[in-house]
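What the coordinates show
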Amino acid sequence: MVIYGVYIVSKSGGLIFNYECNVPKIETEKTFGYPLDLKLNYENKKIVVEFGQRDGVMVGHVLTAVNGIPATGRQLDDGRDVFDIINERENYPLSLKFARLRMTTNEKIFLASMFYPLFAIASQLSPEPRCSGIEVLEADTFKLQCFQTLTGVKFMVVAEPTQAGLDILLRRIYELYSDFALKNPFYSLEMPIRCELFDSNLQNLLEHVEKTGISNV
Amino acid sequence: MSITISAVRPRTSILDKSLSRGRGEVSLSCYALLFSELVQYCQNRVYTVPELQNKLAEMGQEVGVKFIDLLFVRERSYKREIKILNILLFVKSTLWKALFGKEADKLEHANDDERTYYIIEKDPIVNKFISVPKDKGSLNCAVFTAGIIEAVLNGCGFPAKVTAHWHKGTTYMVKFEDSVIARDKQLEDR
């Protein structure tokens, strides 16, 4: 009964609303010996694992601490550069902590606008004629369900893989959108949704679903 | 056998029919979308928030003026109200029922000022779907309803000013003119 996030993508493909909750925090701390078998890369002001995933440290995880000292970007809190430490043999064995950081809003916008063309491609590639597009995307750790309205707005919800009844939830979110966003005179179409009533009602709905299950909605 | 079908119906215009009650139900969504358009219409024609409030209140007044005769004929069987308390109770119950289908929550008299009365409503229907953004300050779209109340009071012979405030939900502050209070006192003394 766990919902990880709700995303709304407008007709033109931009992310207009995102709400995340219950995101599991993924962190691993491991001790490594020289030479380091992970390939690390410095990009976007973060040190990211590029290759060599093992024992829970996956590609895309960010280095957050060395020997217990937290790191920001390339620098440790005590001023030393991380790559210098990693390249010196005498510093080993080294304890490194990796974590999957939460996405920034920019990254979310970027990923959501990537979903939109995938959706369009899928509806054309389908062997069945008159296909509607991606409805459900299932992975090991999550399930993403998408509902496209008649006007082209896409509502997406990411939940745990065994969650059922997400389409009812999506229709309720659609109702909330048509009530508190579309009837608000201060909301313009295709713009990010900044309506307090919409946010609070959505949170109430998600809490209600988590406590009592989808069939009561 | 000949069948004649008359294609001419007796023409009755709407003025020949009696004042019917009509169906008292309007779809909430329909109303909310119309009101949202009204607010956007006003917003496109003003530059500041107080001007927007004035414009909404004016529109409310045009609605209120038309309500007076209709309500007194239908609900009060043609009898005028002459006391302040009665007209306020009329506003709180009959007018509200005709507009929104329910009565206003509370009617209070101010402790310090005898010209001021408060009508309090926790959840006005006009504001049900509206989230005011921070840059609009203390705009309350219930000034539309305040305009309706003001027009009704002015039209019934109780000149007053009505404003809407964010207090205990929404509070409409009704400020009567001195002449009205003086006249009411005379009525009581008699």
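Residues numbered from 1 in each chain as written. Chains lettered and ligands numbered in written order. Predicted model: local features only at pLDDT ≥ 70, side-chain atom pairs only at ≥ 80, totals over all residues. Heavy atoms only, no water.

An unreviewed UniProt entry annotates chain B as Trafficking protein particle complex subunit 5 originating from Timema podura. Taken directly from UniProt, the Subunit (unreviewed entry) text for chain B runs: "Part of the multisubunit TRAPP (transport protein particle) complex." (UniProt positions renumbered as here; feature names shortened; annotations may be inferred.)

Chain A is annotated in an unreviewed UniProt entry as Trafficking protein particle complex subunit from Timema podura. Per UniProt, chain A has the following entry under Function (unreviewed entry): "Core component of the TRAPP complexes which has a function of guanine nucleotide exchange factor activity for Rab1 GTPase. Plays a role in vesicular transport from endoplasmic reticulum to Golgi and autophagy. May play a role in dendrite postsynaptic membrane trafficking." The record in UniProt for chain A states the following under Sequence similarities (unreviewed entry): "Belongs to the TRAPP small subunits family. TRAPPC4 subfamily."

Right, let's talk about a nonpolar patch on the surface for a bit. Residue and element names in this part refer to chain A. Taken together, the side chains of Met103, Phe110, Leu111 and Met114 make up a nonpolar region of the molecular surface, amounting to roughly 380 Å² of accessible area. You can see Leu111 is positioned in helix 2 (residues 105-125). Note on Leu111: relative accessible area 41%, which makes it partly exposed. (Patch = residues over 30% accessible without salt bridge, like charges linked within 9 Å, V, L, I, M, F, W, Y side chains within 5 Å. Areas by Shrake-Rupley, 256 points an atom, 1.4 Å probe, with all protein chains shown as cover. Salt bridge = Lys/Arg side-chain N within 4 Å of Asp/Glu carboxyl O. Helix = DSSP H or I, 4+ residues; strand = E, 2+ residues; numbered from the N terminus. Buried < 20%, exposed > 50% of the residue type's maximum accessible area, 1.4 Å probe, protein only.)

What follows is about the nonpolar core. All names here are of chain B. Counting residues in hydrophobic clusters, the biggest one holds 45 residues, and the most contacted among them are Val91, Leu153, Tyr172 and Phe176. For this core, the secondary structure elements donating two or more residues are helix 1 (28-44), helix 2 (49-74), helix 3 (84-100), strand 2 (116-121), helix 4 (143-155), strand 3 (160-165), strand 4 (170-176) and helix 5 (178-189). In terms of residues, this core owes the most to one element, helix 3, which gives eight residues. Beyond its immediate chain neighbours, meaning those up to four positions away, Leu153 contacts Ile87, Val91, Phe158, Pro159, Ala160, Val162, Val174 and Phe176. (Core = buried A, V, L, I, M, F, W, Y, C linked by side-chain atoms within 4.5 Å. Contact = heavy atoms within 4.5 Å.)

Turning our eyes to something else, we now look at the environment of Val2 of chain A. Residues and elements named next belong to chain A. Counting through the fold element by element, Val2 comes out in the segment before strand 1 (3-9). Distance in space between the C-alpha atoms of Val2 and Ala65 is 30 Å, their sequence separation being 63 residues. When residues no more than four places from it in sequence are discounted, the contact partners of Val2 are Asn22, Ala159, Glu160 and Gln163.

Low pLDDT means the predicted atomic positions in that stretch should not be read closely. All names here are of chain B. Across chain B, the average pLDDT comes to 86, with 91% of residues at or above 70. Element-level mean pLDDT values for chain B span from 88 in helix 3 up to 92 in helix 4. Predicted as a complex, the structure gets a pTM of 0.79 and an ipTM equal to 0.76. (pLDDT = per-residue confidence, 0-100.)

The next point concerns the sheet that holds strand 1 (residues 106-109) of chain B. Residues and elements named next belong to chain B. With antiparallel pairing, four strands are arranged side by side in an open sheet as 1-2-4-3. Strands with a single pairing partner mark the edges of an open sheet, and in this sheet they are strand 1 and strand 3. Neighbour to neighbour, the strand axes of the sheet diverge by 20° on average, direction disregarded. Direction of pairing for strand 1 relative to strand 2: antiparallel, over a ladder of four bridges. Bridge pairing links His109 to Tyr117 in strand 2. The strands that helix 3 touches are strand 1, strand 2 and strand 4; relative to strand 2, the one it contacts most, it runs at about 15°. (Pairing = 2+ DSSP bridges. Axes fitted to C-alpha atoms, helices over the stretch in contact; angles between N-to-C directions.)

Right, let's talk about the side chain of Glu150 of chain B for a bit. Residues and elements named next belong to chain B. For Glu150, the position within the fold is in helix 4. An unpaired buried charge is present at Glu150: no salt bridge exists, and Lys161, the closest side chain of opposite charge, is 4.1 Å distant. Within the local environment of Glu150, its side chain forms a polar contact with the side chain of Gln61, the two groups lying 3.3 Å apart. (Lys, Arg positive; Asp, Glu negative; His and termini not counted. Polar contact = N/O pair within 3.5 Å; in protein donor to acceptor, adjacent residues only side chain to side chain.)

It is worth spelling out the sheet that holds strand 2 (residues 15-20) of chain A at this point. Residue and element names in this part refer to chain A. Pairing is antiparallel in the open sheet, where five strands are placed in the order 2-1-12-11-10. Pairing within the sheet leaves two strands with one partner each, and these edge strands are strand 2 and strand 10 (136-138). Along the sheet, successive strands turn relative to each other by an average axial angle of 10°, direction set aside. Judged from the three bridges that link them, strand 10 and strand 11 (residues 143-148) form a sheet pairing that is antiparallel. Of the residues in strand 11, the one forming a bridge with Val136 is Gln145. Packing of helix 3 (residues 166-181) onto the sheet brings it into contact with strand 1, strand 11 and strand 12 (154-159), and relative to strand 12 it is tilted by some 135°.

Let's shift gears to the environment of Ser95 of chain A. Residue and element names in this part refer to chain A. Mapped onto the fold, Ser95 is located in strand 9 (residues 94-99). Counting along the chain gives 115 residues from Ser95 to Glu210, while the straight-line C-alpha distance between them is 38 Å. Those residues in contact with Ser95, other than ones at most four positions away along the chain, are Glu29, Lys30, Thr31, Ala65, Val66 and Asn67. Here Glu29 takes part through its side chain, which lies 2.9 Å from a polar atom of the side chain of Ser95.

What follows concerns the packing of helix 3 of chain B against helix 4 of chain B. All names here are of chain B. At their nearest, the axes of helix 3 and helix 4 sit 11 Å apart, and the two run at 130° to each other. The angle between helix 3 and helix 4 places the two elements in the oblique class. Seen along the crossing, helix 3 lies across helix 4 with a hand that is right-handed. Along the contact surface, helix 3 presents Ile87, Phe90, Val91, Leu95, Trp96, Leu99 and Phe100, while helix 4 presents Thr145, Ile148, Ile149, Val152 and Leu153. Looking at the contact of helix 3 with helix 4 residue by residue, the class counts come to eleven nonpolar, one polar and no charged. (Parallel < 35°, antiparallel > 145°, perpendicular 65-115°, else oblique. Left-handed = near helix turned anticlockwise from the far one by under 90°. Nonpolar A, V, L, I, M, F, W, Y, C, P; charged D, E, K, R; others polar.)

Moving on to the interface of chain A and chain B. How large an interface is tends to be reported as the accessible area lost when its parts come together. With ten residues of chain A at the interface, the matching set in chain B holds 18 residues. With both sides pooled, the region where chain A packs onto chain B buries about 1,200 Å², and carbon together with sulfur makes up 63% of that total. Of all residues in chain A, Lys183, Pro185 and Phe186 of chain A bury the most surface against chain B, accounting for 60% of the area lost on that side. One can count one salt bridge joining chain A with chain B. The interface formed by chain A and chain B includes four residue pairs in polar contact (both at pLDDT 80 or more). (Buried area = accessible area lost by both parts, 1.4 Å probe.)

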